[in-house]
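Read off the chains here:
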Amino acid sequence: MDVELNVTLLTLGGFAELHKYRYLYFVIIFTLYILILCFNSTIVFLIWTHENLHEPMYIFIAALLINSVLYSMIIYPKLLSDVLSEKQMISYPLCLFQGLSYCTSVGSEFLLLAAMAYDRYVSICKPLQYPVIMNRITIYVCLILAWLIPAFETSVLGVLYSNVKLCSFTLTGIFCNTSVYKLQCVPSVAISIYSMVMLINIALLPLLFILFTYIRIVRISYHCCREVRKKAVKTCLPHLLVLTNFSCFIFFDIIIVRLDSDLSKTLRLTLTFQSILFHPLLNPIIYGLKMNEIFKHIKILLSSLITLNYGFDQLVSECY
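Conventions we followed
Residues numbered from 1 in each chain as written. Predicted model: local features only at pLDDT ≥ 70, side-chain atom pairs only at ≥ 80, totals over all residues. Heavy atoms only, no water. UniProt positions renumbered as here; feature names shortened; annotations may be inferred. Helix = DSSP H or I, 4+ residues; strand = E, 2+ residues; numbered from the N terminus. Buried < 20%, exposed > 50% of the residue type's maximum accessible area, 1.4 Å probe, protein only. Areas by Shrake-Rupley, 256 points an atom, 1.4 Å probe, with all protein chains shown as cover. Expected span 1.5 Å × (residues − 1). Bend = angle between axes of the 7 residues up to and from the residue. Polar contact = N/O pair within 3.5 Å; in protein donor to acceptor, adjacent residues only side chain to side chain. Disulfide = S-S within 2.5 Å.

- Looking at an unreviewed UniProt entry, one finds the protein chain named Olfactory receptor, with Maylandia zebra as its source organism.
- Looking at the protein chain in UniProt, the text filed under Subcellular location (unreviewed entry) is "Cell membrane".

## Comments concerning the overall build of the protein chain
Turning to step 1, where the next piece is worked out: Broken down by element type, the protein chain carries ten helices and three strands.
Turning to step 2, where the next piece is worked out: Along the protein chain, helices (α) and strands (β) appear in the sequence α-β-α-α-β-α-α-α-β-α-α-α-α when read from the amino end.
Turning to step 3, where the next piece is worked out: In the protein chain, buried positions account for 44% of the 320 residues.
Turning to step 4, where the next piece is worked out: Total accessible area computed for the protein chain in this model is approximately 17,200 Å², and 71% of it derives from carbon and sulfur atoms.

## Section: the environment of threonine 270
Turning to step 1, where the next piece is worked out: Its place among the elements puts threonine 270 in helix 9 (residues 265-290).
Turning to step 2, where the next piece is worked out: In the structure, threonine 270 is positioned 255 residues away from phenylalanine 15 in sequence and 9.9 Å away in space, judged by C-alpha atoms.

## A short note on helix 7 (residues 189-222)
Turning to step 1, where the next piece is worked out: For helix 7, which comprises 34 residues, the first-to-last C-alpha distance of 47 Å matches the rise-based estimate of 50 Å (1.5 Å per residue) to within 8%.
Turning to step 2, where the next piece is worked out: Helix geometry: helix 7 is bent most strongly at isoleucine 200, by close to 40 degrees.
Turning to step 3, where the next piece is worked out: Within the sequence span of helix 7, burial applies to Ile191, Met198, Ile202, Ala203, Pro206, Ile210, Thr213, Tyr214, Ile217 and Ser221.
Turning to step 4, where the next piece is worked out: Capping of helix 7 at its N-terminal end is provided by serine 188; its side-chain oxygen lies 3.4 Å from the backbone amide nitrogen of alanine 190.

## Let's talk about the state of the cysteines
Turning to step 1, where the next piece is worked out: One pass over the structure, following the stated rule, counts one disulfide.
Turning to step 2, where the next piece is worked out: Of all cysteine sulfurs, the one in cysteine 125 lies closest to cysteine 236, which takes part in no disulfide; the gap is 8.5 Å.
Turning to step 3, where the next piece is worked out: Given a relative accessible area of 4%, cysteine 236 falls into the buried group.

## As for the UniProt feature "transmembrane region" (unreviewed entry) in the protein chain
Turning to step 1, where the next piece is worked out: UniProt marks residues 23-48, 57-76, 96-118, 139-161, 191-215, 236-257 and 269-289 with the feature "transmembrane region" (unreviewed entry), using the numbering shown here.
Turning to step 2, where the next piece is worked out: In this annotation, residues 96-118 is assigned 100% helix and 0% strand; the end-to-end C-alpha distance for the span is 33 Å.
Turning to step 3, where the next piece is worked out: Between the first and last C-alpha atoms of residues 139-161 the distance is 34 Å; the span itself is 100% helix and 0% strand.

As structure tokens, this is what we get:
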């Protein structure tokens with residue numbers, strides 16, 4: 001390969017035994033991708049079409065699930081293409097775009113979870129002021145900032161990366177994430193410092209805010225009546241499950257990047273699959289099963305589909 005091509009093309013070397021399990025990889029990834037799109041889109045559709053779900057909590061849930069779909073669309077199409085290709089390669093600009101989009105999605109997830117924690121805090125601890133505080137403008141501002149702040153900060157990081165000289169052209173992962181940093185000839189101090197600041201702004205600070213908020217909710221609920229405690233558990237538990245799930249997957253991703261040379265290819269691939277496959281699939285399952293109002297509409301939708309299918313079968317049998 002020409003040196004000129006080496007400068008612009010990167011090799012994704014994270015697949016293990018791809019030549020043996022190519023079609024198995026494809027079937028598993030494609031099936032999970034379709035499930036992710038269907039599960040998330042179904043709950044977003046239910047929230048959008050039912051008036052009783054047009055409340056701040058459910059609007060934030062819909063935004064979180066839309067973010068899960070975007071997260072999947074950043075990774076899966078290229079991943080499916082790579083599985084069927086003889087060579088897993090990506091251009092550096094496209095790799096940079098994928099990596100920055102991935103960081104934007106992760107940051108948006110933390111900020112949306114922070115907005116949801118604040119919504120639960122106001123609902124449980126300040127119920128009389130809830131309609132005033134969590135009005136339509138507040139919701140719009142939270143949603144816009146949750147997507148714009150990470151997008152702006154990662155755009156600045158993209159500008160810093162655009163002037164980087166590469167000396168390595170092989171990534172040990174199956175998609176582009178923060179491991180792009182390791183391709184530099186000389187580690188950039190500016191990128192290192194800015195990345196740390198960005199990590200604090202869009203991940204650490206929202207996480208600390210979420211923890212502080214739920215600690216406050218627990219303390220206040222403990223001194224209130226049984227109904228308040230029951231409401232706190234019912235509405236906060238799904239959010240805490242999603243936060244724990246997401247934080248664990250991000251922790252796995254950081255471990256994969258930091259311990260890159262110390263991990264076997266199979267273990268690294270397994271951890272990567274866990275972070276990109278199961279996280280966007282678990283979110284709609286958690287909210288669909290744990291949020292009573294959403295679960296009711298899911299049951300109605302399923303019963304309607306079963307009735308429709310039964311009626312169609314009856315019509316077909318009568319025709320024959």
